[in-house]
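Here is what each chain is made of, one letter per residue.
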Amino acid sequence: MEDPVTNLPEPPDSKFVLNELQLRIASGVAAALIALLFVYWGSIPFAILVFLAAAVMSWEWGGIVRNDGADTAGILHIVAIGAAALLANLGMAGLALAAVAIGAITVAALLLGQDRAKLSSTGVLYTGLPVVALGWLRGDDAFGFQSVLFILIVVAVTDTAAYISGRLLGGPKLWPAVSPKKTWAGLIGGIFAAAIAGAVFSRFLGSGSAFWLAGLGLVLGLIAQGGDLAESALKRRFGRKDSSQLIPGHGGFMDRMDGIVTASMAAALLALMIDAYAPARALLYGE
């Protein structure tokens, strides 16, 4: 009779986990410092950074879905994103959304009849809508910097805390068919840390209510984890582990930005419902 204890799967090597964590943290810190610099620098530099990140993600999306991110559809995809970034930075969020929609329709028409036309078109929305959301929020002069910084911090804290708590605590898998490594412990640890980060954010920058931002951090953290799972589902469908190998320890830009994609869109939608004329303040204060 087999011993059930000896047949349990061996835990990952602690040295490997530590090295992987160090690589992830180093890459994450470098990316965070670059993002912080551009966010603080102003709306125009930030729009350039967002466009460049979205352009790389567009290329990665094409590589996953069509095995070619530099084909005609990929070029049109990036052009649409560039137009959206420019219009959003000029304060024309409505026209920026129109540019994204036109780009999605054009890509779908170009690939009409092909198996992956719908997914290629969806990619324009996936990379374009966050460009508009972040540009619109950053363009709010009074609180634009703080609102975008809040989103970036919440997503970064969620990802890091989810990774650490999931590795340390283990336990039941969250959705093994889509993402074998994610656990319920990681999800709970991630969103709990996001709530704490939201409350701390209000104290350090003096922006918003600690209670409101804690709740907002928890919700955005949960949505960010949903974005992570959605990207994992896309990669699993096409047999990919990472979207690319551009970022050490993280894979590609899509692997790093998936949470920001969904969290930024949710944040912009919430701000729109509260006060479309002062979206960044609406997001931070809930009024």
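Residues numbered from 1 in each chain as written. Predicted model: local features only at pLDDT ≥ 70, side-chain atom pairs only at ≥ 80, totals over all residues. Heavy atoms only, no water.

For the rest of this paragraph, the subject is the confidence of the model for the protein. Counting all residues, the mean pLDDT for the protein is 86, and 89% of those residues have values of 70 or more. Within the protein, helix α4 (residues 93-110) carries the highest mean pLDDT (96), whereas helix α1 (residues 14-41) carries the lowest (68). (pLDDT = per-residue confidence, 0-100. Helix = DSSP H or I, 4+ residues; strand = E, 2+ residues; numbered from the N terminus.)

Moving on, we come to empty space enclosed by the protein. The method is simple in principle: a probe with the dimensions of a water molecule rolls over the atoms, and the space it marks as empty is what remains. For the structure shown, the criterion picks out one cavity of 30 Å³ or more. The volume enclosed by the largest cavity comes to roughly 40 Å³. Lining the largest cavity are F46, A47, V50, A85, A88, V131, L134 and G135. Among the residues forming the lining of the largest cavity, the class breakdown is seven nonpolar, one polar and no charged. (1 Å grid on protein atoms, 1.4 Å probe; cavity = no way out; pocket = protein on both sides within 12 Å on 5 of 7 lines; lining within 4 Å. Points joined across faces, edges and corners; volume = space filled by probe spheres on them. Nonpolar A, V, L, I, M, F, W, Y, C, P; charged D, E, K, R; others polar.)

Another point: unusual backbone geometry. One non-glycine residue, N67, lies in positive phi territory at about 65°. Along the polypeptide, N67 turns up in the loop between α2 (43-65) and α3 (72-89). We classify N67 as exposed; its relative accessible area is 62%. (Buried < 20%, exposed > 50% of the residue type's maximum accessible area, 1.4 Å probe, protein only.)

We now examine the packing of aromatic side chains. Using the criterion set out here, one finds four aromatic pairs in the structure. Seen in terms of ring centroids, Y40 and F145 are 5.5 Å apart; in terms of plane orientation they differ by 75°. Their pairing is edge-to-face. Of this pair, Y40 sits in helix α1 while F145 sits in helix α6 (residues 144-169), and the two are 105 residues apart along the sequence. Since its relative accessible area comes to 19%, F145 is described here as buried. Taking 5.0 Å as the distance between ring centres and 35° as the angle between the ring planes, the aromatic pair formed by W61 and Y126 counts as tilted. A residue pair is termed long-range when its members are at least 10 positions apart, and W61 in helix α2 and Y126 in helix α5 (residues 117-138) qualify at 65 residues. The pair formed by W61 and Y126 is uniform in burial state, with each residue classed as buried. (Phe/Tyr/Trp six-rings, centres within 6.5 Å; stacked < 30°, edge-to-face > 60°.)

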